[in-house]
Amino acid sequence: AQKVTQAQTEISVVEKEDVTLDCVYETRDTTYYLFWYKQPPSGELVFLIRRNSFDEQNEISGRYSWNFQKSTSSFNFTITASQVVDSAVYFCALGRPGYSTLTFGKGTMLLVSP
Amino acid sequence: DGGITQSPKYLFRKEGQNVTLSCEQNLNHDAMYWYRQDPGQGLRLIYYSQIVNDFQKGDIAEGYSVSREKKESFPLTVTSAQKNPTAFYLCASSIAAGGPDTQYFGPGTRLTVL
């Protein structure tokens, strides 16, 4: 069975702080795919990143970075120098080859205060 | 501009009435999905379709129905059999079936039962 756990329900930080959102996954597949989405207050989910299980290199995109660790089944997301516009709910998701559906975590609400 | 549109953005319904939520995409994607989101909850899959004239039940299909007569359109009907229909409904699409490809989301419809 596939499972995604985002243990942090809500995180509050002050602008310019760094913040890490945790994502732990469970799967029996050797090949799998991991995703992060951002849901701002408007409601629409915005795609951030897709990684496959063979690519363990960390990824950096501007202030965003992702740390994929197979040994701990984690795919954590770090925002450096957070901004108020980063306030949103962030979802981690897991997919398996041959299946179009994804398993989503419950999400982490990030509140960045000025 | 390519994307996914959902209408209406807000919908009010009286108990006992069926209501249909619209989802249209012009991304030429094969697969489409409907999710339900409740406060503090993750995304729960209602139905998905990988090809025209075919669709599969997700985790919470009871009380809902769908059709996929055209590639671009995947309407969701919330029937009177759905016991607690008040929620935020998100439609998504992905390039092909048998992925998992990245899912792209519409802006959502907030349904309130009065």
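Structure: see above.
Because the structure is predicted, anything quoted here is derived from the model rather than measured.

Draft legend 1. Spatial organisation of the interface of chain A and chain B. Facing 22 residues of chain A, the contacting portion of chain B comprises 24 residues. When chain A packs against chain B, close to 1700 Å² is buried across both sides, 56% of that on carbon and sulfur atoms. Linking chain A to chain B there are zero salt bridges. At the boundary of chain A with chain B, the tally comes to seven residue pairs in polar contact (both at pLDDT 80 or more). Tallying contributions element by element places strand E5 (residues 33–39) of chain A first for the side of chain A that touches chain B, with four residues.

Draft legend 2. Structural detail: the nonpolar core. Counting residues in each nonpolar core, the largest one holds 23 residues, and the members touching the most others are Trp36, Phe77, Tyr90 and Leu110 of chain A. For this core, the secondary structure elements donating two or more residues are strand E2 (10–14), strand E3 (19–21), E5, strand E8 (64–69), strand E9 (74–79), strand E10 (88–95) and strand E12 (108–113) of chain A. Of the residues forming this core, the biggest block, four residues, is contributed by E10 of chain A. The residues contacting Tyr90 of chain A, other than those within four sequence positions of it, are Gln6, Leu21, Trp36, Tyr37, Lys38, Leu48, Tyr64, Phe77, Ile79, Gly107, Thr108 and Leu110 of chain A. Among the nonpolar cores identified, the runner-up in size contains 20 residues, and Trp34, Phe74, Tyr89 and Cys91 of chain B belong to it.

Draft legend 3. Examining the packing of aromatic side chains more closely. In total, this model carries 22 aromatic pairs over all chains according to the counting rule given. With 6.3 Å between their ring centres and 80° between their planes, Phe104 of chain A and Phe105 of chain B make a pair best called edge-to-face. Residue Phe104 of chain A is found in strand E11 (residues 102–104), and its partner Phe105 of chain B is found in strand E10 (residues 104–105); the two belong to separate chains. Of the aromatic side chains, those joined through ring pairs into one cluster are Phe35, Tyr37, Phe47, Phe91 and Phe104 of chain A together with Tyr33, Tyr35, Tyr48, Tyr104 and Phe105 of chain B. Here Arg96 of chain A stacks its cationic end above the ring of Tyr99 of chain A, 4.6 Å away from the centre of that ring.

The rules we used
Residues numbered from 1 in each chain as written. Chains lettered and ligands numbered in written order. Predicted model: local features only at pLDDT ≥ 70, side-chain atom pairs only at ≥ 80, totals over all residues. Heavy atoms only, no water. Contact = heavy atoms within 4.5 Å. Buried area = accessible area lost by both parts, 1.4 Å probe. Salt bridge = Lys/Arg side-chain N within 4 Å of Asp/Glu carboxyl O. Polar contact = N/O pair within 3.5 Å; in protein donor to acceptor, adjacent residues only side chain to side chain. Helix = DSSP H or I, 4+ residues; strand = E, 2+ residues; numbered from the N terminus. Core = buried A, V, L, I, M, F, W, Y, C linked by side-chain atoms within 4.5 Å. Buried < 20%, exposed > 50% of the residue type's maximum accessible area, 1.4 Å probe, protein only. Phe/Tyr/Trp six-rings, centres within 6.5 Å; stacked < 30°, edge-to-face > 60°. Lys NZ or Arg CZ within 6 Å of the ring centre and 35° of its normal.

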